[in-house]
Amino acid sequence: AHPVIDNGPPKKNSGRGSGGGRGGGRNAEPPPMPMSSPLMGKKKKPFLGMAAPLGYVPGLGRGATGFTTRSDIGPARDANDPVDDRHAPPGQRTVGDKMKKNQEDDEEDLNDTNYDEFNGYAGSLFSSGPYEKDDEEADAIYAALDKRMDERRKERRELREKDEIEKYRMERPKIQQQFSDLKRKLSGMSDEEWLSIPEVGDARNKRQRNPRYEKLTPVPDSFFSKHLTTGDKHTTVDPLQGRAGGLSTLNLPGGLESPYPGGMTPGLMTPGTGELDMRKIGQARNTLMDMRLSQVSDSVSGQTVVDPKGYLTDLNSMIPTHGGDISDIKKARLLLKSVRETNPHHPPAWIASARLEEVTGKLQVARNLIMKGTEMCPKSEDVWLEAARLQPGDTAKAVVAQAVRHLPGSVRIYIRAAELETDVRAKKRVLRKALENVSKSVRLWKTAVELEEPEDARIMLSRAVECCPTSVELWLALARLETYENARRVLNKARENIPTDRHIWITAAKLEEANGNTQMVEKIVDRAITSLGANGVEINREQWIQDAEECDKAGSVATCQAVIRAVIGIGIEEEDCKHTWMEDAESCVSHGALECARAIYAHALQMFPSKKSVWLRAAYFEKNHGTRESLEALLQRAVAHCPKAEVLWLMGAKSKWLAEDVPAARSILALAFQANPNSEEIWLAAVKLESENNEYERARRLLAKARSSAPTARVFMKSVKLEWVLGNIEAAHELCTEALKHYEDFPKLWMMRGQIEEQSEHNEKAREAYNQGLKKCPHSMSLWLLLSRLEERVGQLTRARSILEKSRLKNPQSPDLWLESVRLEFRAGLKNIANTLMAKALQECPNSGILWAEAVFLEARPQRKTKSVDALKKCEHDPHVLLAVAKLFWSERKITKAREWFLRTVKIEPDLGDAWALFYKFEMQHGTEEQQEEVRKRCENAEPRHGELWCAESKHVLYWQKKIGEILTQVASKIKNTF
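Scoring rules and cut-offs
Residues numbered from 1 in each chain as written. Predicted model: local features only at pLDDT ≥ 70, side-chain atom pairs only at ≥ 80, totals over all residues. Heavy atoms only, no water. Helix = DSSP H or I, 4+ residues; strand = E, 2+ residues; numbered from the N terminus. Buried < 20%, exposed > 50% of the residue type's maximum accessible area, 1.4 Å probe, protein only. Contact = heavy atoms within 4.5 Å. Areas by Shrake-Rupley, 256 points an atom, 1.4 Å probe, with all protein chains shown as cover. Axes fitted to C-alpha atoms, helices over the stretch in contact; angles between N-to-C directions. Parallel < 35°, antiparallel > 145°, perpendicular 65-115°, else oblique. Left-handed = near helix turned anticlockwise from the far one by under 90°. Nonpolar A, V, L, I, M, F, W, Y, C, P; charged D, E, K, R; others polar. Expected span 1.5 Å × (residues − 1). Core = buried A, V, L, I, M, F, W, Y, C linked by side-chain atoms within 4.5 Å. Arc of directions from axis to C-beta.

J.: I'm lost on the overall build of the chain in this one. Help?
T.: In terms of regular secondary structure, the chain is built from 49 helices and 4 strands. Looking at the chain as a whole, 34% of its 979 residues qualify as buried. Taking as baseline every contact in the chain between residues at least 6 positions apart, the subset at least 24 positions apart corresponds to 49%. Within the structure as shown, the chain displays about 62800 Å² of accessible surface, and the carbon and sulfur contribution to it stands at 52%.

Laid out in structure tokens, this is it:
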């Protein structure tokens, strides 16, 4: 038993102290109350007699709650204290070890690992405390704040989430999206392509792949004849035959019964024999099938929807034409019915109801609904038009006639009435009747005029412009039909009625040009700009240029040029003029308006006569789109204004040379020498002109003069090349030695010296020349490649490999050297080493197009497509990668795709000769003669100079005089389809 604790006498003014309240026990005596006195009312505390606050525990603030007696167990405990059930059964105790375990589980995990610098601890620090009313209020306030803040950021967050989802979908598209383009292309597959698809391996097990089918054995005729007389009872002969129209023996001892009522087939027994007549059984079966076919017929058209020959039902007649669910259609029907009943004068409800029934195939219901709609909404144009659309021919005409009575001013109904008429005269009659009621409608006038002959149209248009004086189209149409003098009067009247439209002025200018008054065109356009500005019309430069382009396409060149001159400078700052005009000219060229572009260039040259870049652009425009005469005339003006621009002189000389006017070309170059003395470019152009025309002595003299007056490395190189190609090896060798004394750091001289030695089969001297050149020019890739190929040619594979390794050390991240190393191993038959080297090369040069192009064809055929996709990701616009993809499609016989990729390659890099050669080879195998000729012409215009295969032919000493077309044919003939 617990002893009763005595707390002693109560202290004065202690209130509910340590012995008071619930902590003092029930047996504690209350403190004696003092005698009442007059002062008691003054000292009384205001909270006495009031109810205790919610959750108040006496003495808790002072820690005075630990005095417990046995009598206090129960009511004196806190509501949250555990029940003392130590004597409960073992499985239900809440004290002892189990209680400790529960307390440990409830405790907060305040370990450092559970602490976050921004969010604090993962859980709530006060989750074990009581949840009171003020806690609830605080939580509500915080929740409201969170909601408010969330609404402020909601739009931004949703946009961000949407962008993230789109980005995620782009990076990781669904398999369905990845194959969508291939699915679309399945529609264009031929039968041969379909049949050539290899069979996919079956992943199912043997039992699933080879199911044991139900074995069906047909009953022989002897079975019937044997059991006819025995009296045995058989239920069915064969369930499948019963379904297919066969015969079943249904508990009859002596005969066969058809499964259809009234279908007893008499006389199956052969008379007098007691045996079955199998011919009559066949006839009975045919009779049953005919009965079935006659029952299944289309109630609408009266035609049988079953194919009697194959016993196949045409299911298309049973499939509804709508794509929705039946329950959705019922809901829609119910909703629309509700709309119609609540607001019967709402036209869209009737139209939607009719269309719903039309979609579900109930055309008559749709017609009835829309006709009821016309009764409820007789002033609705849309309802009448819908009714006319749903009704058949003559009924539709009656509906339209009724509509006209209700809406005599509706243009759309009159147009619909004219469309319903099949005869032209009837159409004219309807439209004339319409114009009597609605004379201000431009649409009706235009429709009516289109049906008339030119003379009648002119009369109608003259009336139309009176009724609709603000319609530009009607005025212009009338002007086109009138004679020159009348057209001028018409356009003048049009300008008076519509002073703010530019099209009338432009038409007037075109009219004057068409009648030979070109001097008036400029005046009309200038007056147009002034007049429109005076009437407050803003001159939109882009719109006027667009109008000029249309004039150009219509053949009105003078009008087009006048418009360009008038508006080209409007609204542009002076410093932006040149840049903007060049962009305008390119835009006109891309739209096919060449005269507009020519006018812009002419204006630009007039404003900037000393700008070399403008002259060059104009010259290239004339070269690509103009005639030789226009180009030469432009270049003559160009060199007069920019005499120091060598490229303009050279273009002029080349144009004369291509026209086989060699003396004129020489005279141009002579003038160029006067303007640019000792210019290397002009010296070399003069040498090329003489050598190409077989004037070798003159070329030699020019080169000797150039070496003495303007010695440069290129002049010496051209001198060596001339002697070499003419077969003067000794003279070439001497010139090369002399040149190397002055220009030993010019790698092309060392290359030529080595190649001359190689041609003379002096391999040691060639090796020495290359090595000396590499000491002077260690960063020349071509020298390293020539030396390695020389070693490979003489059988020194190890030395060639070491040379390439050394070159890669001295020139890191060089794709050409890596490519040669890979090819060296591949030519030696070491494909594994080649693949390893290629992987290293792509690590060092991940954006090299020539390496990726080679890597595609190092792979086995099944992996090439995947590799090409990787290549395109890394080098999307590299011509070598595009060329590799074109070759890949070519190897797969995808001709159209291959042609597209070849075109893309030569568009991106027209200077790549290999692309032109492969394209030409492709067209020779798969294209027409016109396509081959087009590729050849485009190649000759592009004048390619680079490419591995191209340079091997074009720079060969034997082919130095060959034209581009001849080189193209030769390179294409040497290409083998080994990829």
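J.: Looking at this model, I keep getting lost on the packing of helix H12 (residues 347-359) against helix H14 (residues 381-390). Mind explaining?
T.: Each packed pair of helices is defined by two parameters, the angle between the axes and the distance between the axes. Interaxial distance between H12 and H14 falls to 9 Å at its minimum, and their mutual angle equals 20 degrees. By the criterion of interaxial angle, the relationship of H12 to H14 is roughly parallel. Considering only the axes of H12 and H14, their crossing is left-handed. Contact residues: Pro 347, Ile 351, Ala 354, Arg 355 and Glu 358 in H12; Asp 382, Val 383, Glu 386, Arg 389 and Leu 390 in H14. Its residues assigned to classes, the contact of H12 with H14 shows 5 nonpolar, no polar and 5 charged.

J.: How should I be thinking about helix H32 (residues 680-692) in this particular structure?
T.: It helps to recall that an α-helix has 3.6 residues per turn; residues three or four apart then point in one direction. When the terminal C-alpha atoms of H32 are compared, their 18 Å separation across 13 residues agrees well with the 18 Å that a helix rising 1.5 Å per residue should span. Taken residue by residue, H32 has Ile 682, Trp 683, Leu 684, Ala 686, Val 687, Leu 689, Glu 690 and Ser 691 as its buried positions. Looking at the packing, one finds that the buried side of H32 touches helix H30 (646-658), helix H31 (662-675), helix H33 (696-709) and helix H34 (713-725). Just past H32, the residue Asn 694 takes up positive phi, approximately 65 degrees.

J.: How should the nonpolar core be read in this particular structure?
T.: Side chains of a nonpolar character, in soluble globular proteins, are inclined to be buried together. Of all hydrophobic cores here, the largest spans 82 residues; its most connected members are Trp 544, Ile 564, Trp 581 and Leu 648. Element by element, the count of residues in this core is highest for helix H27 (residues 594-607), at 7 residues. Non-local contacts of Leu 648, meaning those with residues more than four positions away in its chain, are made with Trp 615, Leu 616, Leu 635, Ala 638, Val 639 and Cys 642. Ile 370, Leu 407, Ala 434 and Leu 461 belong to the second-largest nonpolar core, a separate cluster that totals 37 residues.

J.: How should I be thinking about helix H13 (residues 363-376) in this particular structure?
T.: With 14 residues, H13 should cover 20 Å at 1.5 Å per step; its first-to-last C-alpha distance of 20 Å lies within 8% of that length. When we look at burial in H13, the residues that qualify are Ala 366, Arg 367, Leu 369, Ile 370, Gly 373 and Thr 374. The buried residues of H13 occupy one face: seen down the axis, they fall within an arc of 165 degrees. For H13, the elements touching its buried residues are helix H11 (326-342), H12 and H14.

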